[in-house]
Amino acid sequence: MRGVKYLYNARGKRTGVLIDLERNRGLWEDLFDVALARSRGAERTAAWTTVRGRLERQGRLKPPQPGT
């Protein structure tokens, strides 16, 4: 893959990677998203209705309009 270089230890095992961010910005964003999601895997979740209600009360989300 262009713009990606691997780092090897003394035994020839891949131990790291260098990513050209100008050439592979999308790849870096995908890797970061996966790492972030995994780091949050043990966090509690909340039902959408609970989150929506909290956002509406805080004024960060408009309540749904009748008839829409």
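Here the structure is a predicted model, which means the values were calculated and not measured. (Residues numbered from 1 in each chain as written. Predicted model: local features only at pLDDT ≥ 70, side-chain atom pairs only at ≥ 80, totals over all residues. Heavy atoms only, no water.)

A. A nonpolar patch on the surface, seen in detail. On the surface, Leu21, Trp28, Leu31 and Phe32 cluster together into a nonpolar patch covering about 370 Å² of accessible area. Assignment of secondary structure puts leucine 21 in the loop between strand E2 (14-19) and helix H1 (25-39). (Patch = residues over 30% accessible without salt bridge, like charges linked within 9 Å, V, L, I, M, F, W, Y side chains within 5 Å. Areas by Shrake-Rupley, 256 points an atom, 1.4 Å probe, with all protein chains shown as cover. Salt bridge = Lys/Arg side-chain N within 4 Å of Asp/Glu carboxyl O. Helix = DSSP H or I, 4+ residues; strand = E, 2+ residues; numbered from the N terminus.)

B. Inspection of the pattern of salt bridges at higher detail. Counting across every chain of the model gives two salt bridges. Note that glutamate 29 and arginine 25 form a salt bridge whose closest N and O atoms lie 3.4 Å from each other. Linking glutamate 29 with arginine 25, this pair stays in helix H1, spanning four residues, or about one helical turn. The class of glutamate 29 is partly exposed, set by a relative accessible area of 40%. (Buried < 20%, exposed > 50% of the residue type's maximum accessible area, 1.4 Å probe, protein only.)

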